[in-house]
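Topology and contacts: notes
Letter by letter, the chains look like this.
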Amino acid sequence: MRKLIIMGLMAATMLPVAASAQSQREVRESRQDLRDEQRDLDRAYRYGDQRDIRREQRDVREARQELREDRFDRDRAWGRNDWRGYRNTHRDLYGRGNWNAPFRYNNFRVGGRIAPGFYGSRYFIADPWRYRLPPARGYNRWVRHYNDVMLIDTRRGVVVDVYRGFFF
């Protein structure tokens, strides 16, 4: 009985990791399918008749829709603290060593304005999904400041959100 419970707990902890890897793989496969369908449509324009073209256009639309759905599944809106559990199992990703900027550490607060030097493009987190951060919409960008992560409105220089101690 004990072995069964332990196996169940191990499976439950591995499920979120497998699901995220599966969705990323699905996005790659959907992109490949879309490229294949687009190639078939180009061939239909070149060599086919109207029926072939309509059928291939429909296939391209379906492939685009599937890609949108897979991206939506992959980029689902992460909750505010969904990164905490993921960080505990992927310490190597969040433990990037000492990171120092050419300026001293500041304790920024939500709603405060900061200078553009603190949120330049060299400090952007290019792939927030990798760290399970909520997606940054519009002019907002995730920025690393020492071991903290801040969501900055780059248009106005306003701090929208702060996660302290995000990196180890």
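Because the structure is predicted, anything quoted here is derived from the model rather than measured. (Residues numbered from 1 in each chain as written. Predicted model: local features only at pLDDT ≥ 70, side-chain atom pairs only at ≥ 80, totals over all residues. Heavy atoms only, no water.)

**Here we look at the overall build of the protein**
Of regular secondary structure, the protein possesses 4 helices and 3 strands. Ordering the α and β elements of the protein from the N terminus gives α-α-α-α-β-β-β. A buried classification covers 33% of the 168 residues belonging to the protein. For the protein, long-range pairs separated by at least 24 residues make up 55% of all intrachain contacts whose partners lie at least 6 apart in sequence. (Helix = DSSP H or I, 4+ residues; strand = E, 2+ residues; numbered from the N terminus. Buried < 20%, exposed > 50% of the residue type's maximum accessible area, 1.4 Å probe, protein only. Contact = heavy atoms within 4.5 Å.)

**Remarks on the environment of Arg58**
By the element assignment, Arg58 lies in helix α2 (residues 50-74). By relative accessible area, which is 39% here, Arg58 ends up partly exposed. For the pair Arg58 and Glu37, spaced 21 residues apart in sequence, the C-alpha to C-alpha distance is 9.5 Å.

**Observations regarding the packing of aromatic side chains**
Taken as a whole and assessed by the stated rule, the structure comprises 4 aromatic pairs. An angle of 75° between the planes, with centres 5.2 Å apart, marks the rings of Phe108 and Phe118 as edge-to-face. In this pair, Phe108 is assigned in the loop between α4 (91-94) and β1 (140-145) and Phe118 in the loop between α4 and β1, connecting sequence segments 10 residues apart. The same class applies to Phe108 and to Phe118, which are both buried. With 6.2 Å between their ring centres and 70° between their planes, Tyr131 and Phe166 make a pair best called edge-to-face. Of this pair, Tyr131 sits in the loop between α4 and β1 while Phe166 is found in the segment after β3 (158-163), placing the two residues 35 residues apart along the sequence. The pair Tyr131 / Phe166 is uniform in exposure class, with both members buried. (Phe/Tyr/Trp six-rings, centres within 6.5 Å; stacked < 30°, edge-to-face > 60°.)

**Structural notes on unusual backbone geometry**
The residue Arg132 is not glycine, and still its phi comes out positive at about 65°. Along the chain, the position of Arg132 falls in the loop between α4 and β1. Given a relative accessible area of 4%, Arg132 falls into the buried group. At Tyr146, a residue that is not glycine, the phi angle is positive and equals roughly 55°. Position of Tyr146 relative to the elements: it lies in the loop between β1 and β2 (148-153).

**Details of the pairing of β3**
Along β3, 5 of the 6 residues are buried, which leaves the element largely enclosed by surrounding structure. Bridge count between β2 and β3: 5 bridges; the pairing is antiparallel. If you follow Val149 over to β3, its bridge partner there is Tyr163. Counted between consecutive antiparallel strands, the loop separating β2 from β3 contains 4 residues, among which Gly157 sits at a positive phi close to 80°. (Pairing = 2+ DSSP bridges.)

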